[in-house]
Amino acid sequence: MTNDAIPNLSAYDDDSLDKAFTALQKQAQADAAAMAGLDDLEAFRLKWLGRKQGLLNDVSSRWLKAAPPEAKKSVGERFKSLKSLVESLLDSAEGAGPSDAALAAEAIDITLPGTRRLTGAEHPITRTLNEIVSVFAALGYSVGVGPEVETDFYNFESMNFPPGHPARDTQDTLVVACQERRPLRDRLLLRTHTSPVQMRTMEQQPPPVRIVIPGKVHRNDAQDATHSPIFHQVEGLCVDRNITFSDLKGTLDHAMKALFGSSVKTRFFPSFFPFTEPSADVQISCIFCGGKGCRKCKQSGWIELLGCGMVDPAVFAFAAEKQPAYDPRKISGFAFGMGVERIAMMKYGISEIGQFYAGDMRFLGQFA
Ligand code: 2NL
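Residues numbered from 1 in each chain as written. Predicted model: local features only at pLDDT ≥ 70, side-chain atom pairs only at ≥ 80, totals over all residues. Heavy atoms only, no water.

Engineer: Sorry if this is basic, but what is going on with the sheet that holds strand E7 (residues 276–285) here?
Structural biologist: Whether parallel or antiparallel, the strands of a sheet pair through hydrogen bonds between backbone atoms. Across the sheet, 7 strands lie side by side as E1-E4-E5-E9-E8-E7-E6; this open sheet has mixed pairing. Edge positions in the sheet fall to strand E1 (142–143) and strand E6 (266–273), since each of these pairs with one other strand and no more. Seen against the sheet, helix H10 (residues 313–320) touches strand E5 (230–240), strand E8 (302–311) and strand E9 (332–339) and runs at an angle of roughly 50 degrees to E8. (Pairing = 2+ DSSP bridges. Helix = DSSP H or I, 4+ residues; strand = E, 2+ residues; numbered from the N terminus. Contact = heavy atoms within 4.5 Å. Axes fitted to C-alpha atoms, helices over the stretch in contact; angles between N-to-C directions.)

Engineer: Even after reading the chapter, I still don't get the site of the ligand, so can you show me in this structure?
Structural biologist: In the vicinity of the ligand lie 14 residues, with Gln233, Glu235, Phe275, Ala335 and Gly337 positioned nearest. Residue Glu235 places a side-chain N or O atom 2.8 Å away from a nitrogen atom belonging to the ligand. One of the backbone nitrogen or oxygen atoms of Gly337 is found 3.3 Å away from a nitrogen atom of the ligand. Coverage of the ligand by the protein amounts to 89% of the 480 Å² it exposes when considered alone. At the level of elements, helix H8 (195–204), E5, E8 and E9 are the ones that each hand at least two residues to the shell around the ligand. (Near = heavy atom within 4 Å. Polar contact = N/O pair within 3.5 Å; in protein donor to acceptor, adjacent residues only side chain to side chain. Areas by Shrake-Rupley, 256 points an atom, 1.4 Å probe, with all protein chains shown as cover.)

Engineer: What should I look at first to understand the environment of Asn242 in this one?
Structural biologist: Looking at where Asn242 falls in the secondary structure, it is placed in the loop between E5 and helix H9 (245–260). Residues Asn242 and Ile331 lie 89 residues apart in sequence; the distance between their C-alpha atoms is 6.5 Å. The contact partners of Asn242, leaving out residues within four places of it in the chain, are Asp247 and Ser332.

Engineer: Explain the packing of helix H6 (residues 124–137) against H9 to me, please; I cannot follow it from the model alone.
Structural biologist: The description of two helices packed together rests on the angle between their axes and the distance between the axes. At a minimum axis separation of 10 Å, H6 and H9 run at an interaxial angle of 135 degrees. What the angle tells us is that H6 and H9 run oblique. Here the hand of the crossing between H6 and H9 comes out right-handed. Each of Glu131, Ile132, Val135 and Phe136 in H6 lies in contact with H9, whose residues at this interface are Thr251, Leu252, His254, Ala255, Ala258 and Leu259. (Parallel < 35°, antiparallel > 145°, perpendicular 65-115°, else oblique. Left-handed = near helix turned anticlockwise from the far one by under 90°.)

Engineer: Can you walk me through the state of the cysteines in this structure?
Structural biologist: By definition, a disulfide is the covalent link that joins the sulfur atoms of two cysteine residues. Summed over the entire model, instances satisfying the criterion amount to 0 disulfides. Take Cys297: it sits in no disulfide, and the sulfur closest to it among the cysteines is that of Cys294, at 3.8 Å. Since its relative accessible area comes to 4%, Cys297 is described here as buried. With no disulfide of its own, Cys308 has Cys238 as its nearest cysteine by sulfur position, at a separation of 13 Å. Taking relative accessible area as the criterion, Cys308 reaches 1% and is therefore assigned buried. (Disulfide = S-S within 2.5 Å. Buried < 20%, exposed > 50% of the residue type's maximum accessible area, 1.4 Å probe, protein only.)

Engineer: Explain the pairing of E5 here, please?
Structural biologist: On a regular strand, each side chain points to the face opposite its neighbour's, so the side chains alternate between the two faces of the sheet. Buried residues dominate E5, accounting for 9 of its 11 residues. Two strands pair when backbone bridges link them, and strand E4 (residues 209–218) and E5 are joined in this way by 10 bridges, in the antiparallel orientation. The residue bridging Ile211 from the neighbouring strand is Leu237, located in E5. The pairing of E5 with E9 spans 8 bridges and is antiparallel. Paired with Gln233 across the bridge in E9 is Gly339.

Engineer: Where do I start with helix H2 (residues 38–49) in this structure?
Structural biologist: Helical periodicity: at 3.6 residues per turn, an α-helix aligns residues three or four positions apart in one direction. Here H2 spans 16 Å end to end across 12 residues, near enough to the 16 Å set by a 1.5 Å rise per residue. Within H2, burial applies to Leu41, Phe44, Lys47 and Trp48. For H2, the buried positions fall inside an angular range of 130 degrees around the axis, keeping them on one side. Within H2, the exposed residues directed more than 90 degrees away from the buried face are Leu38 and Asp39. (Expected span 1.5 Å × (residues − 1). Arc of directions from axis to C-beta.)

Engineer: What am I meant to see in the packing of aromatic side chains here?
Structural biologist: How two aromatic rings sit relative to each other is given by the distance of their centres and the angle of their planes. Inspection of the entire model under this criterion finds 16 aromatic pairs. Relative to Phe161, the ring of Phe156 has its centre 5.0 Å away and its plane inclined at 75 degrees; by these criteria the two rings are edge-to-face. Phe161 shares its class with Phe156; the two are buried. Ring geometry for Phe356 versus Phe363: centroids 6.0 Å apart, planes at 75 degrees, classification edge-to-face. Above the plane of the ring of Phe288 lies Lys296, whose end atom (NZ or CZ) is 4.4 Å from the centre. Here Lys347 stacks its cationic end above the ring of Phe260, 5.7 Å away from the centre of that ring. (Phe/Tyr/Trp six-rings, centres within 6.5 Å; stacked < 30°, edge-to-face > 60°. Lys NZ or Arg CZ within 6 Å of the ring centre and 35° of its normal.)

Engineer: I'm lost on the side chain of Glu341 in this one. Help?
Structural biologist: Inspection of the secondary structure puts Glu341 in helix H11 (residues 340–348). Buried and without a salt bridge, Glu341 has Lys216 as its closest oppositely charged side chain, separated by 8.9 Å. A polar contact of 2.7 Å, which involves the side chain of Glu341, links it to the side chain of Tyr357. Discounting residues that sit within four places of it in the chain, Glu341 has contacts with Ile125, Ile230, Phe231, His232, Ile353, Phe356 and Tyr357. (Lys, Arg positive; Asp, Glu negative; His and termini not counted. Salt bridge = Lys/Arg side-chain N within 4 Å of Asp/Glu carboxyl O.)

Engineer: What is the right way to read the packing of helix H1 (residues 14–34) against helix H4 (residues 72–96) from this model?
Structural biologist: Close contact between H1 and H4 brings their axes to 10 Å; oriented N to C, the two are set at 10 degrees. Judged by the inter-axis angle, H1 sits roughly parallel to H4. Contact residues: H1 offers Asp14, Leu17, Asp18, Phe21, Leu24, Gln25, Ala28, Gln29 and Ala32, while H4 offers Ser74, Val75, Arg78, Phe79, Ser81, Leu82, Leu85, Val86 and Leu89. For the contact of H1 with H4, a count of residues per class yields 11 nonpolar, 4 polar and 3 charged. (Nonpolar A, V, L, I, M, F, W, Y, C, P; charged D, E, K, R; others polar.)

And the structure:
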């Protein structure tokens, strides 16, 4: 709707006035009929009734005010009826609300599917880690965490790694640069296991202790299908009077059944760790073939899953420097450590460790 200017009137006789006003009435009716939405309604109001530029204002100043005195009355009457026509057109348009066409144009199709929000989910490593921790929490274990940047003392010396042990070599351990001026025991490195947190716990609290330590650990290893320089571990420690190897066996047998199903069997093989004596590797009956022998268990029916053992008296001796109650003649304990990635790979049938860290949504989406 554009504002068509109102021409000046050349004659004020009844015929001319009728002609001029009828043309405006028709235009008002046509404008009203063309209105579709609220915006049009406002435009109509402005065009006809606008205080400054409205057509009726123009009509009033050009026709009514300019009329000779004898024509004022007839122009005035016609002006009044034009004005009430415009107002009633506006009233009925307002009452009617938007036209069907306007409503249809703005309509929302409520049958269309909504915008789906992606569901967040725990990363499979976090999920597995929490699951392992819950199994031990249910047995009364507390949960501890500690620094990833550790000293040589907590990571190696207190864990009974003898001087010159190959694990201390930078071939295996990622060390913080420029530490050479410090005594060996204070040099910083990225922890290679979570055992330092257990040693710190023993220094802080006397026995009994039952604790699990989940966390990230670092090794100077090349990545392949099953190895990564950064991975996750859950280690556990139980110290009390009269803790025996059968407590260790019973605890880990229960934990493996809780993690992999009650039909899983366990067996313990002699092994070696500097920090436990005796030490053992724990095998579980193959969860893929039930123990019959398959490609996954290399036809043996067993899969090696974690390491464990009775805490070496030399480790207790380091704890006893700060907490004398860790006297290996009075107390004993067991400890164990497992790789979270390895367990997650078995549980979910994942063959490439790199999948956990690649951030590929096609992989991660399967855990949502
Ligand atoms: C493995 C084996 C193990 C421990 C970790 C431990 C901690 C303290 C004292 C003694 Cl404070 N031992 N931890 C013991 C045996 C095995 O981990 O293969 N981990 C992936």
